[in-house]
Amino acid sequence: MLKKANKIEIFPARSGTLTMRISGNMLHSLYDPVKEAQTIAKAALADVPEEAPVVILGLGLGYLAQAVKALHRGSLAVVEADDAVARAALSAQPWLEHNDVLYLAGQPVAKVVENIFNTLPVKGRYYFVRNAPSVKLHPDYYSEIERLLAERSRANIERLNILVSTPFYGGSLPIARYCAAALTRLGHNVITLDNAVFEPLHSRIESNLRSRHYRHKVLNQLTSVAADEIVLLAEERAIDLVFLVAQSLITPEALSALRQMGVPTAFWFVEEWQLFTYWQEWATRYDYFFTIQKGEFLSALAQRGNKKAKYLPLAADPFVHRPLELSALESVAYGSDISHIGAGYRNRRVVFSGLQGFDFKLWGNDWNGAGALEPFLQRNGERISTEETVKIFNVAKINLNLHSSSYHDGVNPDGDYLNPRTYEIAACGGFQLVDRREYLADQFQIGKEIAVFDNITELKDKIRYYLDHPEERLAIARAGRQRVLAEHTYERRMTEALQFIYSYETAPASRRNPNSVDGMLNVLGDEPELRALLESQRAAGIVTVEEISRQILSRRTGDLTRAEGIFLLMNEFRLWAQDKDLA
Amino acid sequence: MKRALVVNIARMGDLIQSASLLSGLKKHGYEVTLLFSAAFCKVAKMLPDIDRAISFPLTSIVMPLIQPNGRLADSYIALKELTDRLHSDGYDLVVNITHTHFSAALCRLIDGKRTIGMTLDKQGQKLVNGRWTNYYLNANLNRHYNRFNLVDIHYKLGCIIDGDEKNVNANVDDNANVNANDNYNGRALRLKVSAEAFQKTKYLVRNVQSKARLIGIVPGASTVEKRWPAENFAEMLKILGAQLSIYPLIFGAESESELCASVAAHIPAALNLAGKTDLALLAALIKQCDLLITNDTGPMHIAAAVGTPVLDISLGSAMAEETAPYGVGHIIVEPRLDCFPCLPKMRCGHHSCHKSVSAQFAAELAQAMLTNEFCDAIAARYAIDAKTYRTAFDVDGFLKLTSLFRDELTPRAMLNAILKEVWKDVLDGRFEAVKDVSAGDIAAQIMNEYSLDNYGFVRDWMLNFRLALDELKSLAQEGQGIAGRLKMICGRNGQIAQISELGKRSADIDADIIRLAYKERDLMPLATQFTYAKDGIDGADLHSLASQTEQLYAELAWNCQVVGRLLSEVHHKLAVQLSSIDLTSRDAGPNIINPLWLSAYK
């Protein structure tokens, strides 16, 4: 995952204590590493509240961790990107293991965040103490951890059980998956119903059945199956929130069942509201409605009866759309001066046909009868996988991003929202030329973080200009990526969505579930033995007799408490009833 | 006063079958509390000799556990309140005859001074206490080797404390209350039928002409496999009705209404009471019947307990040796089929056993029972399809099924006759007494019940089986030696390696015991008794564990030796008997007695 340090040297500093050097970079002072660490710790902890959780970035030889521990009473975690450093440190410094400090070495970012979030409780936010030389060796790794932990503590919502159900194909399928991944990284317990599994069946039905009416009939049944699964899972797993995107498989019946059960539903309508008008019937069926367009649409929703609607622009998943180093061969295969990935909409056909003479690669499907564009079309207009898309965004000198329109011959003068591609190219650190959109300036600094064109003439001029000025391209691309990482990730969007939802919801739905830890504690009072037993189930959110008994029996030390005995008894009754088929 | 709690949260039949245990405990001087499933309140009220009955709210505890989003807290609270109350009652003795894992966990929480039956140790591991409890589990696994009725097992399980039955015998009351069904040992199955229930049911039977016989019919049963077909019941009643004046009452639960109606449809005189009687009324009605003709059901046990003769058509997974109606003179019919009895949860595809008992046969038996005639000749006529037994008590007061037709002696029949006598003593913990078991009595009993026409086959089996018994005995002795050494060294320092080596060897021996039992199936009852007993070893102290283990190996070796000796002696008696018969008239030939072989075993 991470490039391992080439060479680790450990030797005595002037003060006599050990210091460390990795491939020529000193991780600690050559003179007095202990004193150095104390100085850094003191400065860094100056404005940290007493009980706040502190994350130390970079273990080195552990001096900073030791210094912080001596000064700070709150909980501590130490993150080290390089597993080899941690191993060397542990062998050189036997005093290093503190049971009350969470050490995380060489783990993937998401895991680190998950571990810290689950182990170090946070009320306000996390504070960071950086061992600068360590951070310098793996800057992306540490900054990513800071970013995700900041997002996580910003949401400041208890761990939720969230059910995300995806469409079975189309543009909103990856969006749903990105949302699910982001919610997981934010520390929630996410069940993803990835309905792509239905796609082969869907294609079969589409190709076998000729009657449109019949196709609809069968596909509706398919939708009912997926929707029923949502409702039943929500019941069985004490789901707090059902999150859906445009085209997710759901039925009005399922939504009303969820509403009856008190499970809130949220819907991200990632489509153009004037073009796709089905939102009108669905507006009030969802509890929370998120849109990629604001103003008029929000008032239209309010008029239809849903006032809990919020503008939520699209974003990028930096774990998917990321800078990549491509091999020479890949650079040739995917690279070009100008590139466009996307379907062959009318306005694109018109605009791109003016790009004759450039080194232009056109990727994507629905380009039948491309005419003059035929020579540019790659792979006969096959669909391009996300992984390949990332490579293309990375390696093209200029990525074109023209928002689709079937009603215009060029740039849509009324276009407002930004497509996913805008954020994704930027997240890859790719350079893009995007058509001017109403919301563009809210999201990026035009000219500094993104480059824009208004019409085909300007497009050609800018292509020539940026091809001639690679350093400007790089600067804009870098700034664009920073902006996405800071503000336009799915984690940020999901945080905003959850904050919005829980400004209305009084408590997560599962807390109302009688078998949630709190629900049971409420009823069963303050028996300490029982409290300890139930608290041990907090991570799962909901208490099941099966799981609690499994834990009791696997412990195998000491005598059973009465509370444990009663749970074992309940489990035996459960098994007995199952055996008798009483359920 | 000492307090005993009997945990019996099972089916209705089991509840009735525990009546003798409850009375036994009472005679032992206990104040008796019964914990029973709330569904059988009416039955619990009819049980004599209990001081207190606590109903267990099974449904309200189980439903929250199996319904989606059921409130676990409800189940928790109900269990906590109940177990706290039972715990604080401070029972001196808890007898668990429910034999389920949940009842084991329940007994852990009740935590009486002493628990017999399944329970959990303090760490939550399963524990089986008591030789008769081990035997119950053993008999469940090796049904073909069991010759004890459940009523006797339940009684013994709870009433044999430290191998001492003296108190019970001393207290046998021979007052007028003793039912005709009581055996002389004082073990009885009794239900009190309330005067009120009697009064309420009288009008139902008052139309009966004085000579009409009141016949109870129970066409239902817990499984389809156990149900003799409704048309057979109807046909039987027609045949019987042509011979005698009868008035049939058809009993069944609400859920069996349709089944009962299909019997009633063919018999205009019959009164279909399915779903119309609660258990108290049912008992009152059954008590007034002259005969109850039934599958293996709860009402059958009611009949036995109120003194009504039973004709039990025992099909499917029912096993008469275990569940026959308790008392003297009931008749049981079993199909003569290799697949019988089937496994308790099996779903049968052919129901051949339903055809093995014909309506004509049942009608003839019923008629004989109603007119106090012998059933033997009828049993012989139908012997090719069915076996017929009559219930009685043996000299030790155990229920006994006597076959009404002399079948050929089989190896298993011989082994079971011996095992039953051995178990009677060793399960009570009277190891010395077993020496007095008389081979002559067993031989006489065998000759009374079986024909020895094919004795050569039994003798050949016995030769092999004695070798297997010797092998099992030497394994047990080896195990005993190892456990003995373990006991000696476990107190000393620095013996960890040796202790773990001995532990491993002991485990190997246990595995060998099981393997040997699978090789020689007839060893299974002895081997299983041993393995269940090992489940009862409790404690953290190595010395005590080792000495308990040593004791169990010693018991196994002793049991092997006793069974082996009795086999030889019984064989000897049978052989002597056979030699006095003129062998030339038999085709079995010289196979039957080999004097050379005999001399070796004198």
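Predicted, not measured: the structure shown is a model, and the values here were computed from it.

### A word on the overall build of chain A
- A tally of helices and strands in chain A yields 25 helices and 18 strands.
- Among the 583 residues that make up chain A, the fraction classed as buried is 43%.
- Considering only residue pairs separated by 6 or more positions, chain A has 63% of its internal contacts joining residues 24 or more positions apart.

### Structural notes on the overall build of chain B
- Summing up its helical and strand segments, chain B has 25 helices and 16 strands in all.
- For chain B, restricting intrachain contacts to residue pairs at least 6 apart in sequence, the fraction spanning at least 24 positions comes to 65%.

### Section: the interface of chain A and chain B
- Listed by partner, the interface residues are 29 residues for chain A and 24 residues for chain B.
- For the side of chain A that touches chain B, the secondary structure elements donating two or more residues are helix H9 (212-236), helix H22 (517-524), helix H24 (545-555) and helix H25 (562-579) of chain A.
- The element that contributes the greatest number of residues to the side of chain A that touches chain B is H25(A), accounting for 12 residues.
- Split into classes, the residues belonging to the side of chain A that touches chain B amount to 19 nonpolar, three polar and seven charged.

### Observations concerning unusual backbone geometry
Residue and element names in this part refer to chain B.
- For the bond from Phe-340 to Pro-341, the omega torsion is -10°, close enough to zero to count as cis.
- In this structure, His-351 is a non-glycine residue whose phi angle is positive, near 50°.
- Of note, His-351 is situated in the loop between strand E12 (331-335) and helix H16 (352-356).
- The phi angle at Asn-372 is positive, at roughly 55°, despite the residue not being glycine.
- Along the polypeptide, Asn-372 turns up in the loop between helix H17 (359-370) and helix H18 (376-381).

### Description of the nonpolar core
- Counting residues in each nonpolar core, the largest one holds 301 residues, and the members touching the most others are Cys179(A), Val6(B), Ala283(B), Ala362(B) and Ile418(B).
- Broken down by element, this core gets its largest block of residues, 13 residues, from helix H24 (residues 542-579) of chain B.
- If near-sequence neighbours (up to four positions away) are discounted, Val6(B) is found in contact with Ser18(B), Leu21(B), Leu22(B), Val32(B), Leu34(B), Leu35(B), Val95(B), Ile97(B) and Gly158(B).
- Listed in part, the 42 residues of the second largest apolar core include Ala88(A), Ile116(A), Tyr126(A) and Leu137(A).

### Considering the sheet that holds strand E11 (residues 310-313) of chain B
Residue and element names in this part refer to chain B.
- What the eight strands build is an open sheet, ordered E9-E8-E7-E10-E11-E12-E13-E14; its pairing is mixed. Where the open sheet ends on each side, the last strands, each with one partner, are strand E9 (271-272) and strand E14 (399-403).
- Bridge analysis of strand E13 (residues 386-393) against E14 gives five bridges, and the strand direction is antiparallel. Paired with Thr-391 across the two strands is Leu-401, which belongs to E14.
- Here helix H14 (residues 298-306) sits on the sheet and contacts strand E7 (213-218), strand E10 (291-295) and E11; the angle it forms with E10, its principal contact strand, is near 150°.

### Points about the sheet that holds strand E3 (residues 25-26) of chain A
Residue and element names in this part refer to chain A.
- With antiparallel pairing, the three strands of this open sheet are ordered in space as E1-E2-E3. In the strand order of this sheet, the two ends are held by strand E1 (8-12) and E3, each with one partner.
- Where strand E2 (residues 18-22) lies against E3, two bridges are found, and the strand directions are antiparallel. Note on E3: the bridge partner recorded for Arg-21 is Met-26.
- Against the sheet, helix H3 (residues 83-92) engages E1 and E2, with an angle of about 30° to E1.

### Section: helix H12 (residues 257-264) of chain B
All names here are of chain B.
- Regarding H12, the residues found buried are Leu-259, Cys-260, Val-263 and Ala-264. End-on, the buried residues of H12 take up no more than an arc of 140°, which puts them together on one face.
- For H12, the secondary structure elements touched by its buried residues are E7, helix H11 (230-243), strand E8 (246-250) and E9.

### Details of the confidence of the model for chain A
- When pLDDT is averaged along chain A, the result is 88, and 96% of the positions lie at 70 or above.
- pLDDT under 50 marks residues 1-5 of chain A. Its contacts with residues more than four places away, or in other chains, come to 12 contacts.

### Here we look at the pairing of strand E12 (residues 288-291) of chain A
Residue and element names in this part refer to chain A.
- Of the two faces of E12, the one holding Tyr-288 and Phe-290 and the one holding Phe-289 and Thr-291 are both buried throughout.
- Across four bridges, the pairing between strand E11 (residues 265-269) and E12 is parallel. Bridge assignment links Phe-267 to a residue of E12, and that residue is Phe-289.
- Two strands pair when backbone bridges link them, and E12 and strand E13 (residues 309-311) are joined in this way by three bridges, in the parallel orientation. From the neighbouring strand, Phe-290 faces E13, where its bridge partner is Lys-310.

### Topic: the packing of helix H23 (residues 524-534) of chain B against H24(B)
Residues and elements named next belong to chain B.
- Two numbers describe how H23 lies on H24: the axes approach to 10 Å, and their chain directions differ by 165°. Between H23 and H24, the angle falls in the class roughly antiparallel. For the pair H23 and H24, the crossing hand works out as right-handed. Residues Leu-526, Phe-530, Ala-533 and Lys-534 of H23 pack against Leu-552, Leu-556, Asn-559 and Cys-560 of H24.
- Here the residues of the contact of H23 with H24 sort into six nonpolar, one polar and one charged.

### Points about the packing of helix H1 (residues 33-44) of chain A against helix H2 (residues 63-71) of chain A
All names here are of chain A.
- In contact at an axis separation of 8 Å, H1 and H2 are set at 50° when each is read in the N-to-C sense. Taken together, the axes of H1 and H2 are oblique relative to one another. In terms of crossing hand, the pair formed by H1 and H2 is right-handed. Two secondary-structure elements touch here, H1 through Pro-33, Val-34, Ala-37, Gln-38, Ile-40, Ala-41 and Lys-42 and H2 through Tyr-63, Leu-64, Gln-66, Ala-67, Val-68 and Leu-71.

### Focus: the confidence of the model for chain B
Residue and element names in this part refer to chain B.
- Looking at chain B as a whole, the pLDDT averages 87, with 91% of positions reaching at least 70.
- The low-confidence segment residues 162-180 (pLDDT under 50) makes 20 contacts with residues lying over four places distant or belonging to another chain.
- Contacts for the low-pLDDT stretch residues 582-602, under 50 throughout, to residues beyond four places or in other chains number 15 contacts.
- This prediction of the complex comes with two scores: 0.65 for pTM and 0.80 for ipTM.

### A short note on the environment of Ala10(B)
Residue and element names in this part refer to chain B.
- Residue position: Ala-10 is located in the loop between strand E1 (2-8) and helix H1 (12-17).
- Taking C-alpha positions, Ala-10 is 9.1 Å from Thr-100, a pair spaced 90 residues apart along the chain.
- Beyond its immediate sequence surroundings of up to four residues, Ala-10 is in contact with Leu-15, Ser-37 and Thr-98.

### Looking at helix H13 (residues 279-288) of chain B
All names here are of chain B.
- Burial of H13 is extensive: eight of the 10 residues sit out of reach of the surface.
- Residues Leu-279, Ala-280, Leu-281, Leu-282, Ala-283, Ala-284, Leu-285 and Ile-286 constitute the buried set of H13.
- Tucked inside the fold, the buried residues of H13 contact helix H3 (41-46), helix H10 (195-205), E7, E8, E10 and H14.

### Some remarks on the environment of Gly124(B)
- Looking at the secondary structure, you find Gly124(B) in the loop between strand E5 (115-120) and strand E6 (126-129).
- C-alpha of Gly124(B) to C-alpha of Ala105(B): the two residues are 19 residues apart in sequence and 7.8 Å apart in space.
- In this view, Gly124(B) contacts Ile552(A), Leu553(A), Leu560(A) and Leu568(A); residues no more than four positions away in its chain are not counted.

### Some words on the environment of Ala315(A)
Residue and element names in this part refer to chain A.
- Tracing the backbone shows Ala-315 in the loop between E13 and helix H13 (328-334).
- C-beta crowding within 10 Å serves as the criterion here: with 28 such atoms nearby, Ala-315 is assigned to the buried category.
- Residues Ala-315 and Val-484 lie 169 residues apart in sequence; the distance between their C-alpha atoms is 7.6 Å.
- Other than its neighbours up to four places away in sequence, Ala-315 contacts Tyr-423, His-488, Thr-489, Tyr-490, Arg-492 and Arg-493.

Reading the values: rules and limits
Residues numbered from 1 in each chain as written. Chains lettered and ligands numbered in written order. Predicted model: local features only at pLDDT ≥ 70, side-chain atom pairs only at ≥ 80, totals over all residues. Helix = DSSP H or I, 4+ residues; strand = E, 2+ residues; numbered from the N terminus. Buried ≥ 20, exposed ≤ 12 C-beta atoms within 10 Å, placed from the backbone. Contact = placed C-beta atoms within 7 Å. Nonpolar A, V, L, I, M, F, W, Y, C, P; charged D, E, K, R; others polar. Core = buried A, V, L, I, M, F, W, Y, C linked by C-beta atoms within 7 Å. Pairing = 2+ DSSP bridges. Axes fitted to C-alpha atoms, helices over the stretch in contact; angles between N-to-C directions. Arc of directions from axis to C-beta. pLDDT = per-residue confidence, 0-100. Parallel < 35°, antiparallel > 145°, perpendicular 65-115°, else oblique. Left-handed = near helix turned anticlockwise from the far one by under 90°.

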